[in-house]
Amino acid sequence: MLDHMGFPVVDYDKSRAFYDKALAPLGVTVVMAVSAEETGGDAFAGYGSDGKPDFWLATGRPAGETMHFHVAFVAKDRATVDAFYATAMAAGGRDNGGPGIRPHYHPNYYAAFVFDPDGNNIEAVCHKPE
Amino acid sequence: MFDHIDCPVTDIRRSVAFYDTLLAPLGIARLITRIASGAASVSNAGYGRQGRAGFWLSDASRKGHLHVGFSAATREAVAAFHAAGLAAGGSDNGGPGLRPYAPNYYAAYVIDPDGHNIEAVCRAGG
């Protein structure tokens, strides 16, 4: 049901150290890390097992500010991603990126993004080629 | 990898209305709803498929903090997670042991550096 999730942290190095150690016994390790230099903005670390990053930490949360998280749900096909987005827009959701390929993630990453009422970034994604 | 996640919301009724609509195209329905009547209580709603709620919204006392439950293959892995989390500077939020949520629900809880409640849970019998 869940594809992946993530959130920004106040102290990236401290949180990396914590999750590196705490998740290791579960067989969950950093499988993808992107530096601030590489993104030109925030740094990211994606934890997972079997090579797929499912749990993401990012820099960029100012201390004391409200945290906004990101959750992505699995969609079985691209039409389902389209329906997710259309339904959300019809329900008064705020657009954060309409249905389409996000080639910078991978060539078949078809996703749509909406903000929930609290400003959290909610995604539906289909990884399968069509 | 995930067993379940619980996301903090500011207005459970508003969020339930939104997520009911949002998740329906994905085949994900609201399976459990508890709306608290007293100020001290917690309201929450669990969404999932096939009778198993994996995505929760809650209007909880730990406002602004996520709860993430990771799957553990064994009870030993749950204990190792808890020990490693504490050694890494996390704070204890409940040691390894059975919890009454479901039969064989063996879990441990650690608070991460940002205050998020991180769990490892093994549902296999010990």
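Residues numbered from 1 in each chain as written. Chains lettered and ligands numbered in written order. Predicted model: local features only at pLDDT ≥ 70, side-chain atom pairs only at ≥ 80, totals over all residues. Heavy atoms only, no water.

## Some details on the pattern of salt bridges
Moving on, step 1. Considering all chains together, one arrives at eight salt bridges over all chains under this definition.
Moving on, step 2. Residue D3(B) pairs with R52(B) through a salt bridge whose shortest N-O separation is 2.8 Å. A residue pair is termed long-range when its members are at least 10 positions apart, and D3(B) in strand β1 (residues 2–8) and R52(B) in strand β4 (residues 52–59) qualify at 49 residues.
Moving on, step 3. Residue classification places D3(B) among the buried positions, given a relative accessible area of 10%.
Moving on, step 4. According to the relative accessible area criterion, R52(B) is partly exposed, its value standing at 38%.
Moving on, step 5. R30(B) serves as the salt-bridge partner of D20(B), at 2.6 Å between the closest nitrogen and oxygen. Taken as a pair, D20(B) in helix α1 (residues 12–23) and R30(B) in strand β2 (residues 29–34) lie far apart in primary sequence, 10 residues in all.
Moving on, step 6. Connected through shared salt-bridge partners, D3(A), K52(A) and D54(A) make up one network. (Salt bridge = Lys/Arg side-chain N within 4 Å of Asp/Glu carboxyl O. Helix = DSSP H or I, 4+ residues; strand = E, 2+ residues; numbered from the N terminus. Buried < 20%, exposed > 50% of the residue type's maximum accessible area, 1.4 Å probe, protein only.)

## Quick word on the domain arrangement of chain B
Moving on, step 1. We note that the domain assignment places domain 1 (11–59) and domain 2 (67–122) within chain B.
Moving on, step 2. The centre of domain 1 of chain B, based on its C-alpha atoms, is set 23 Å off from the matching centre of domain 2 of chain B. (Domains from an automatic or database assignment.)

## Re the interface of chain B and chain A
How big an interface is tends to be reported as the loss of accessible area on association of its parts.
Moving on, step 1. Taken together, the contact between chain B and chain A spans 43 residues of the former and 47 residues of the latter.
Moving on, step 2. Of the roughly 3,500 Å² buried where chain B meets chain A, counting both sides, 77% is carbon and sulfur surface.
Moving on, step 3. Where chain B packs against chain A, one counts two salt bridges.
Moving on, step 4. For D114(B), the salt bridge goes to R61(A), with nearest N and O atoms at 3.5 Å.
Moving on, step 5. Across the contact surface, chain B and chain A share five residue pairs in polar contact (both at pLDDT 80 or more).
Moving on, step 6. Contributing elements (two or more residues each) for the side of chain B that touches chain A: β1, α1, β3 (43–49), β4, β5 (67–71), α2 (75–87), β8 (106–111) and β9 (117–122) of chain B.
Moving on, step 7. Ranked by residues supplied to the side of chain B that touches chain A, first place goes to α1(B) with seven residues. (Contact = heavy atoms within 4.5 Å. Buried area = accessible area lost by both parts, 1.4 Å probe. Polar contact = N/O pair within 3.5 Å; in protein donor to acceptor, adjacent residues only side chain to side chain.)

## Re unusual backbone geometry
Moving on, step 1. At D50(A), a position not held by glycine, the phi torsion is positive, near 60 degrees.
Moving on, step 2. Among the secondary structure elements, D50(A) is positioned in the loop between β3 (44–49) and β4 (52–58).
Moving on, step 3. Owing to a relative accessible area of 82%, D50(A) belongs among the exposed residues under this scheme.
Moving on, step 4. Positive phi is not limited to glycine here, since Q50(B) has a value of about 50 degrees.
Moving on, step 5. Its location among the elements puts Q50(B) in the loop between β3 and β4.
Moving on, step 6. You can call Q50(B) exposed: its relative accessible area is 81%.

## With respect to the pairing of β8(B)
Residue and element names in this part refer to chain B.
Moving on, step 1. Where burial is concerned, most of β8 is hidden: six out of the six residues are buried.
Moving on, step 2. On β8, burial covers both faces: Y106, A108 and V110 on one face and A107, Y109 and I111 on the other are all buried.
Moving on, step 3. As paired strands, strand β6 (residues 91–92) and β8 are joined by two bridges and run antiparallel to one another. Bridge pairing links D92 to V110 in β8.
Moving on, step 4. Here strand β7 (residues 97–98) pairs with β8 via two bridges, running antiparallel. Along β8, the bridge assignment pairs G97 with A107.
Moving on, step 5. Sheet topology note: the β8/β9 ladder contains six bridges and is antiparallel. (Pairing = 2+ DSSP bridges.)

## A few points about helix α1 (residues 12–23) of chain A
An α-helix turns once every 3.6 residues. As a result, residues three or four positions apart point the same way.
Moving on, step 1. Relative to the 16 Å expected for 12 residues at 1.5 Å per residue, α1(A) spans 16 Å between its end C-alpha atoms, a close match to the ideal helical length.
Moving on, step 2. Its side-chain oxygen at 3.3 Å from the backbone nitrogen of D13(A), D11(A) defines the N-terminal cap of α1(A). (Expected span 1.5 Å × (residues − 1).)

## Section: the nonpolar core
Moving on, step 1. Ranked by size, the top nonpolar core spans 61 residues in total, and within it F7(A), F55(A), V71(A) and F55(B) carry the most contacts.
Moving on, step 2. The element contributing the most residues to this core is α1(B), with six residues.
Moving on, step 3. Two domains each put at least three residues into this core: domain 1 (11–59) and domain 2 (67–122) of chain B.
Moving on, step 4. Aside from chain neighbours lying at most four places away, what touches F7(A) is Y19(A), F55(A), W56(A), L57(A), A58(A), M67(A), F69(A), L66(B), D112(B) and H116(B).
Moving on, step 5. Counting five residues, the second largest nonpolar core, distinct from the first, contains A72(A), A111(A), F113(A) and V125(A). (Core = buried A, V, L, I, M, F, W, Y, C linked by side-chain atoms within 4.5 Å.)

## Concerning the confidence of the model for chain B
Moving on, step 1. Looking at chain B as a whole, its pLDDT mean stands at 90, while 94% of the residues score no less than 70.
Moving on, step 2. Looking over chain B, one finds the lowest element-wise mean pLDDT in α1(B), namely 90, and the highest in β7(B), namely 97. (pLDDT = per-residue confidence, 0-100.)

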